[in-house]
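Fold and contact review
Each chain, letter by letter, is given below.
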Amino acid sequence: MSFLPKMLLSLLALCAALARADAAFLARPDVQRYIDEQVAAGALTRPELEAVFANVELKPNIINIMDRPSTARPWYQFRPNFYSERLMGEGVAFWQANEDALRRAEQQYHVAPEMIVAIIGIETRYGGNTGSFRLADALSTLAFDYPRRAAFFRDELTELLLLARSENINALSLKGSYAGAMGLPQFMPSSFRKWAVDFDGDGHRDIWSNRVDAIGSVGNYFQLHGWLGGDDVVVPAEVAPGEALDKLLADKFNLHYSVAELRAMGVSPLAPVRDDAKAVLFALEVAPGEMRYWLGLNNFYTITRYNKSTLYAMVAHELAQEIRNRYLAARFAATPAP
């Protein structure tokens with residue numbers, strides 16, 4: 001027997017073993033307990049649960065991805081990945097192609113169009129990369145084989161199955177990221193069920209291929225998480241070093257203080273801002289060893305509800321502003337002179 005047939009037989013044997021392992025998933029005691037719990041709660045029926053889990057393919061590589069040690073990059077390294085010519089150009093084109101939906105979202109949810117555009121660009125490059133994992137596979141893997149966050153992912157798995165039922169979609173057909181995020185705005189299943197909207201009125205909430213629904217869903221999310229139309233996002237600041245500064249910087253995701261209270265603790269805003277406005281102090285390393293400080297206002301805090309990262313919130317704000325500038329410049333250039 002030649003080497004090639006031996007190799008093919010080995011691959012076929014491996015594939016058969018993997019198929020048996022996946023088929024055995026339904027019979028696992030922990031999976032059966034989960035099914036029993038869902039049936040007892042009246043949320044889902046045994047036949048529909050079994051139909052999904054009998055066809056789930058576990059993805060061990062997802063566990064490897066989740067367990068990779070992650071080192072937070074400084075701002076000067078993080079920013080170029082998103083504040084880029086590519087996203088700016090694609091963002092303007094996306095705005096131009098979806099002007100009506102963005103205008104309506106601004107009217108209904110009072111969220112700036114540029115912020116919705118920036119978020120969708122950062123998340124998936126306007127639908128260019130929404131994820132290739134079957135969500136049932138990804139969430140089942142994390143729900144049952146990732147103990148550290150199993151409870152969270154089991155809840156998201158339940159939300160996915162309820163989503164599929166309510167939207168009349170085959171749960172096995174839905175795709176997204178390795179962590180279960182989906183569609184143009186990368187909503188988790190629970191976020192979809194709470195905040196996704198049928199913005200074009202066709203009877204379905206489709207954030208995978210329907211740009212109008214994706215735009216409306218991001219607008220709805222931001223409004224319900226406290227976005228204030230017309231308000232600023234950040235203002236630059238100077239700070240007095242000391243223990244108070246360290247304490248403030250450690251509390252970077254909460255609006256515990258007013259600007260007046262922060263002034264009393266040695267923070268000096270470098271742009272006009274109301275003393276009664278709530279704000280959070282944060283720092284970014286703009287060059288190796290060089291820190292700059294900002295006050296994040298209510299709308300900055302709202303962006304961190306979408307992604308709990310000051311880096312993300314700041315780049316979303318900056319990208320949104322630049323996309324707006326370029327969109328308006330293009331409109332002005334296209335307007336005939338009187």
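**Section: the confidence of the model for the protein**
Per-residue pLDDT for the protein has a mean of 91; in total, 92% of the residues score no lower than 70. Predicted confidence for residues 1–21 stays below pLDDT 50, and this span has two contacts to residues more than four positions away or in other chains.

**Details of helix α3 (residues 46–53)**
Listed in full, the buried residues belonging to α3 are Leu 49, Val 52 and Phe 53. For α3, the angular spread of the buried residues around the axis is 90°, confining them to a single face.

**Digging into the nonpolar core**
If you look at the biggest cluster of nonpolar residues, it comprises 90 residues, and the most contacted ones within it are Phe 53, Met 115, Ile 120, Leu 161, Phe 222 and Ile 303. Broken down by element, the residue count for this core peaks at 10 residues, all from helix α16 (residues 310–334). Those residues in contact with Leu 161 that sit more than four places away from it in its chain are Tyr 34, Leu 44, Leu 49, Val 52, Phe 53 and Ala 171. Core analysis: the next-biggest nonpolar cluster, separate from the first, contains 14 residues, Leu 245, Ala 277, Tyr 293 and Leu 297 among them.

**Details of empty space enclosed by the protein**
The final tally for this structure, using the stated rule, is one cavity of 30 Å³ or more. In terms of lining residues, the largest cavity is bounded by Leu 248, Asp 251, Asn 254, Tyr 257, Leu 262, Ala 279, Val 280 and Leu 281. Broken down by element, the residue count for the lining of the largest cavity peaks at three residues, all from strand β6 (residues 278–287). In terms of residue class, the lining of the largest cavity is built from six nonpolar, one polar and one charged.

**Some words on the side chain of Thr 141**
Assignment of secondary structure puts Thr 141 in helix α9 (residues 135–145). Engagement of the side chain of Thr 141 in a polar contact is seen with the backbone oxygen of Asp 137, the distance being 2.8 Å. Beyond its immediate stretch of four places on either side in the chain, Thr 141 contacts Glu 57, Leu 58, Lys 59, Ile 63 and Tyr 146.

**Concerning the packing of aromatic side chains**
Overall, the coordinates contain 21 aromatic pairs when judged by the stated rule. Relative to Phe 144, the ring of Phe 25 lies with its centre 5.6 Å away and its plane at 75°, an arrangement referred to as edge-to-face. With Phe 25 in the loop between α1 (3–23) and α2 (29–41) and Phe 144 in helix α9, the pair connects residues that are 119 residues apart, well separated along the chain. Of the two residues, Phe 25 and Phe 144, both sit in the buried class. A connected cluster of aromatic rings, assembled from ring pairs, spans Phe 187, Trp 195, Tyr 221, Phe 222, Trp 227 and Tyr 306.

**Regarding the packing of helix α6 (residues 85–97) against α16**
Running from N to C, α6 and α16 point in directions that differ by 55°, and their axes come no closer than 9 Å. As judged from the angle between their axes, α6 and α16 are oblique. Relative to α16, α6 is oriented so that their crossing is right-handed. Contacts between α6 and α16 involve Glu 85, Leu 87, Met 88, Gly 91, Val 92, Trp 95 and Gln 96 from the first element and Leu 319, Glu 322, Ile 323, Arg 324, Arg 326, Tyr 327 and Ala 330 from the second. Counted by class, the contact of α6 with α16 contains eight nonpolar, two polar and four charged residues.

**Some remarks on the pattern of salt bridges**
Side chains carrying opposite charge are able to pair once their charged atoms draw close together. Using the criterion set out here, one finds 18 salt bridges in the structure. For Arg 193, the salt bridge goes to Glu 159, with nearest N and O atoms at 2.9 Å. Of this pair, Arg 193 sits in helix α11 (residues 189–195) while Glu 159 sits in helix α10 (residues 150–166); the two residues are 34 residues apart in sequence, bridging distant segments of the chain. Using a relative accessible area of 35% as the deciding quantity, one classes Arg 193 as partly exposed. Asp 276 serves as the salt-bridge partner of Arg 274, at 2.9 Å between the closest nitrogen and oxygen. With respect to burial, Arg 274 and Asp 276 carry one shared label: exposed. In this structure, a network of salt bridges that share partners links the residues Arg 28, Asp 30 and Asp 145.

Conventions adopted
- Residues numbered from 1 in each chain as written.
- Predicted model: local features only at pLDDT ≥ 70, side-chain atom pairs only at ≥ 80, totals over all residues.
- Heavy atoms only, no water.
- pLDDT = per-residue confidence, 0-100.
- Contact = heavy atoms within 4.5 Å.
- Buried < 20%, exposed > 50% of the residue type's maximum accessible area, 1.4 Å probe, protein only.
- Helix = DSSP H or I, 4+ residues; strand = E, 2+ residues; numbered from the N terminus.
- Arc of directions from axis to C-beta.
- Core = buried A, V, L, I, M, F, W, Y, C linked by side-chain atoms within 4.5 Å.
- 1 Å grid on protein atoms, 1.4 Å probe; cavity = no way out; pocket = protein on both sides within 12 Å on 5 of 7 lines; lining within 4 Å.
- Points joined across faces, edges and corners; volume = space filled by probe spheres on them.
- Nonpolar A, V, L, I, M, F, W, Y, C, P; charged D, E, K, R; others polar.
- Polar contact = N/O pair within 3.5 Å; in protein donor to acceptor, adjacent residues only side chain to side chain.
- Phe/Tyr/Trp six-rings, centres within 6.5 Å; stacked < 30°, edge-to-face > 60°.
- Axes fitted to C-alpha atoms, helices over the stretch in contact; angles between N-to-C directions.
- Parallel < 35°, antiparallel > 145°, perpendicular 65-115°, else oblique.
- Left-handed = near helix turned anticlockwise from the far one by under 90°.
- Salt bridge = Lys/Arg side-chain N within 4 Å of Asp/Glu carboxyl O.

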